[in-house]
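Structural features, examined
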Amino acid sequence: MLNLQFFLQCQYQEESLKKKSKGRACKNTGSYLVSRMAERPPRRPRVAWEARAPQESSSPLKPYEVCMVQPLQTDGSWLAVCEKESVRCIQAFLKSTEKDEAQKMRFLQSIRTLCRAARHKGLSQGLDVFCPRDELAENIRALLQEEPRDHLRTAVRQQAMLAIAALSSAEAVPEGQTIPLLDACFSSVFCLPPKEDMQGLDTSLYHKTLHAMDTMLQTVVLGSPASSLSKELQSILQMLLTFTKSPSAAVRERAVGRIGTLSYLLASYSSLEAWCPFGREDDSPACHGGIHIPILGELLGRLILLSFCKDKETSRAALHALHHLFRFLQQQRCSAWPEDNLQHQRVWGAASTSCRSLPSTSATTKVFGKYLQPLERTDIILTAIEAMTDASISDKEGASSMLDEAMKDPNSWLTDVPKIMSGIHGNLEHIRVAPARHSVDSLLLLLTNRCPREVVKSLLKCSPPVDSAALAMWEVMFSRLQPLEKVLRELRIELRNQRMRRLFSTVLEDTCILQLTLLAASDVRAKEFAATYNLWRSLRHQSLEMLSLVLQGLVTLSQRPETARKMRVLLEDIVETLESGNEDIQMKALLVFRNMLGHMRRQEASPIALQLAEKLLPLFNHESSQLREFSLRLFREVMQKVAWRHKRQMRKNVRQGLLPLFFHLSDQSQSVAKASGEALLAAAELLKWKQLRHLLQTQQTWRIGECLVVQDRSRAEEYCHQSLPHLKDAQATVREAAVRFIGLAARPLRDQSPEKLAEICRALKALEKDVEPSVCSLASQTVLILRQLIPQHTLAAVVFDKFSPRPGFPPKVAVFDHNLSTVAGFSLGGQRAKGKWQPPKEAGLPGELPDALPFQQPLAAQPTLTWAQGTKRHPRSAKLASLHASRCSEVATSCVLWAGTALPGAQFHTEGLKPKGGASCPATSAQ
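A brief look at the structure comes next. These numbers come from a predicted model, not from an experiment. (Residues numbered from 1 in each chain as written. Predicted model: local features only at pLDDT ≥ 70, side-chain atom pairs only at ≥ 80, totals over all residues. Heavy atoms only, no water.)

A look at the overall build of the protein chain
Helices and strands together make up the secondary structure of the protein chain, namely 38 helices and 10 strands. Among the 927 residues that make up the protein chain, the fraction classed as buried is 54%. The contacts in the protein chain between residues at least 6 apart in sequence include a share of 69% that link residues at least 24 apart. When the accessible area of the protein chain is evaluated, it comes to approximately 43100 Å², of which 50% is carbon and sulfur surface. (Helix = DSSP H or I, 4+ residues; strand = E, 2+ residues; numbered from the N terminus. Buried < 20%, exposed > 50% of the residue type's maximum accessible area, 1.4 Å probe, protein only. Contact = heavy atoms within 4.5 Å. Areas by Shrake-Rupley, 256 points an atom, 1.4 Å probe, with all protein chains shown as cover.)

Brief notes about the nonpolar core
One recurring pattern in soluble globular proteins: nonpolar side chains tend to sit buried together. The biggest cluster of nonpolar side chains holds 232 residues, and the ones touching the most others in it are Ile140 and Trp474. When residues in this core are grouped by element, the largest group, 10 residues, is from helix H7 (residues 203-222). What Ile140 contacts, discounting residues up to four positions off in sequence, is Phe107, Leu108, Ile111, Ala160, Ala163, Ile164, Leu167 and Leu181. (Core = buried A, V, L, I, M, F, W, Y, C linked by side-chain atoms within 4.5 Å.)

Considering helix H15 (residues 396-408)
Between its first and last C-alpha, H15 extends 19 Å over 13 residues, near the 18 Å set by a 1.5 Å rise per residue. Among all positions in H15, only Lys396, Gly398, Ala399, Ser400, Met402, Leu403, Glu405, Ala406 and Met407 are buried. Residues of H15 that are buried make contact with helix H10 (296-306), helix H13 (361-369), helix H14 (374-387), helix H16 (410-413) and helix H18 (434-450). (Expected span 1.5 Å × (residues − 1).)

Remarks on unusual backbone geometry
Backbone geometry places Lys688, a non-glycine residue, at a positive phi of 65°. By secondary structure assignment, the location of Lys688 is in the loop between helix H32 (670-687) and helix H33 (690-697). Although it is not a glycine, Gln699 adopts a positive phi angle of roughly 60°. With respect to the helices and strands, the residue Gln699 is situated in the loop between H33 and helix H34 (704-711).

Let's talk about the packing of helix H21 (residues 481-497) against helix H22 (residues 507-519)
The interhelical angle for the contact between H21 and H22, taken along N-to-C directions, is 130°, at an axis separation of 9 Å. Judged by the inter-axis angle, H21 sits oblique to H22. Judged by the twist between their axes, the crossing of H21 over H22 is left-handed. Touching Leu488, Leu491, Arg492 and Leu495 of H21 are Asp510, Ile513, Leu514, Leu516, Thr517 and Leu518, all from H22. In the contact of H21 with H22, the residues fall into 7 nonpolar, 1 polar and 2 charged. (Axes fitted to C-alpha atoms, helices over the stretch in contact; angles between N-to-C directions. Parallel < 35°, antiparallel > 145°, perpendicular 65-115°, else oblique. Left-handed = near helix turned anticlockwise from the far one by under 90°. Nonpolar A, V, L, I, M, F, W, Y, C, P; charged D, E, K, R; others polar.)

Digging into the pattern of salt bridges
Under the counting rule described, the total for this entry stands at 24 salt bridges. With its nearest N and O atoms 3.7 Å apart, the salt bridge here joins Arg601 to Glu604. On the basis of relative accessibility, which here comes to 58%, the residue Arg601 falls in the exposed class. The partner of Glu759 in a salt bridge is Lys756, with the nearest N and O atoms 3.5 Å apart. Within this pair, Glu759 and its partner Lys756 are both found in helix H37 (residues 754-765), separated by 3 residues, close to a single helical turn. For Glu759, a relative accessible area of 33% gives the class partly exposed. Salt bridges sharing common partners tie together Lys245, Glu298 and Glu386. (Salt bridge = Lys/Arg side-chain N within 4 Å of Asp/Glu carboxyl O.)

Considering the side chain of Gln731
As for its position among the elements, Gln731 is in the loop between helix H35 (716-723) and helix H36 (732-745). At 2.8 Å, the side chain of Gln731 forms a polar contact with the backbone nitrogen of Gln668. Contacts of Gln731, omitting those with residues within four sequence positions, involve Arg628, His664, Asp667, Gln668 and Ser669. (Polar contact = N/O pair within 3.5 Å; in protein donor to acceptor, adjacent residues only side chain to side chain.)

Remarks on the packing of H35 against H36
Look at H35 against H36: their axes get within 9 Å of each other, and the N-to-C directions meet at 160°. Our classification of the angle between H35 and H36 gives roughly antiparallel. Where H35 crosses over H36, the two elements pack in a sense that is left-handed. Packed against H35, whose contacting residues are Ala716, Tyr719, Cys720 and Ser723, the element H36 presents Ala738, Phe741, Ile742 and Ala745 at the interface. Residues of the contact of H35 with H36, tallied by class, amount to 7 nonpolar, 1 polar and no charged.

Following this line, the structure appears as structure tokens:
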């Protein structure tokens, strides 16, 4: 909040300056005299910020000295000794290649000396006789560009800007060089680091440098011809506005301070006249009414936003500038009001109070809006829209408030529709903040309702006509029924008037939009409705963007009951869009279904509900929380819409959705979890499961998993299989819920499907490395428990080397478990006699194979082989062996091994398995 004492001090200074500058009359000094201003501004007017920083002292105000124009004496006899020395210094500097700081300072001071002499002696020609003006301007700009950007330790910048001011006052700045010189000054000073970050900074030098810039700006403006004053101000303010968009707070604060200087200059004098030391007669005083600043609207919009920024110095400087600009607007556009006019006082008092108390951006916008022209109001709107994408404006709510204020008085603010539409189109894709995007959408809808024809024509002129920003704007206009109907009506007219030219990218898109305009008619029949959609069906393969736009139109049109009922014929086509994989299209398709079901009786909606229920199940696990939530809520509505004759089939679909509904009770999104609970309760009522309904109503969610298993034990294996994909869900809470449920549902599989238990264990083992510690721990515990449920398995074995052992050597046997994973490998023991291998003696006594060795995966314990009598069916086979081994983290495993040994190609028992790796073999039955 602006300090009231400081505000009054500013007012006092301004009034004092006005009193000192009054009472100066014009007089003639010869046949060729220069007119004096009726109200001459001081050479170095004090400004509001002088109270904040130490500055150079100002000499007392003196009457402006006017002398008779004298012809130039080219021999330089008119120059004083010191002035001749300045000429030699300048010429020496221009010829020098190496310049130290002292030379730079003498060069700049010499320029000031010569310019002062030229003004006081009323020369009618410039200084080109002694030093080319172009070279002077170029050297000054070079000096500014050479100054380091990381610190301020010399007065070169200060003296350079004072030199520019001197050249301007002597009309010695070459044409077209003023703006480049000012730009060099701004870049050299504004881009310095913040004061607190510059080591060894002389604070006095810093403030003197800024003061020199203010003096330069005032001199340049006052030294401009009245006919070009507005153009000069426009150019300078445009440059300063560019710096106010810098991401650096220090740069913004310095630029806004200079805008405040110029604003003070505009507000402090009843007229601005160019300085005329050489007797220009073609320029008259530039009164406030004659000053036109096209950039004023953008300037005000930017200052309003910056006055509410978090940086206090920038906010303060912006507030000062607004204060002075408001006074300028009053003097320019309310000059007919006398000072004591009550209405004038009320308006000014309210404005001053607003500026001091900083109520809001909307209130400030309203105060200024009363004095602005329509074009300036439009520029404020465009500035607010652009600010929503600007990183230097941290508070996007201020820009939204400005738009909201403009929308309260559309007759005054929303006058240039094409320009506003162009501004929205250029910035819409870069607006990321939701409230700001909502304000722009509201503005677009308001424009569409008020001026549909201008809106449509403006948007169709965008190039390309269906780029992403244009499509986003069409979708906003298609999102409300009343604007949609108006837009479709205007599009139909445009399409008929532009038959020889496409409005959109392709003929197909034009045709689809034309058919959509027909659908807006209330008398269209259902068959015609379906015929038009045949064209849109092809959009799935050619243009998903246009398909999204068409679906948005259907979403809006389906809000009308009569149109929603006719959309039944589109059911199959819209259902197919649910499989498109495009989130936006899927969401819009669901919205169409919701609207359709909402306008139908149960008998009409039941077949649609039955078909839709199955298609909704995959969307429960979608990565988008918004789509998950909406599909869950629609699933609940679908269950409630089914008629009695379809309930049996619906119950089958609902059973398939029980587990996803249960798992998403643990969804990280609270809205999704709530929607899942409501849908699960509706499922319990449809299935008539009282216990499940009771648990949901009493919020005993930890017992729901057990309830599902107990309710239907026959589906235990199906439940486990259905749970496995949820182990890979992106949400840790869902993965944890799936692991916990599998631990319950897998227990009944102990005696039914040991292979399934092993598959589940492998899937859970992958979670032992999960990024979430709770999931890792629970998965490890569940695997340990489930492995204890797996019974001992009979393993299969094969003989390597195609069942033909090398002569004299025992065959190698690979042992496989039921998952075809190699457990171990062995060389069968025995003895070598006459170059042939002989099996162990058939003594029937237990014995060890001394050369039994691990193969591939080692065992935790050395295997023990016990030999027994062979069977009668295979008298020449190897003996029956039983292997008992304890593996790491596994239960004891039993292996029954049949191996052919003596004859090549001997058969052995494999229980129908074809192992990986070793040789294949036929299976035989064990006796």
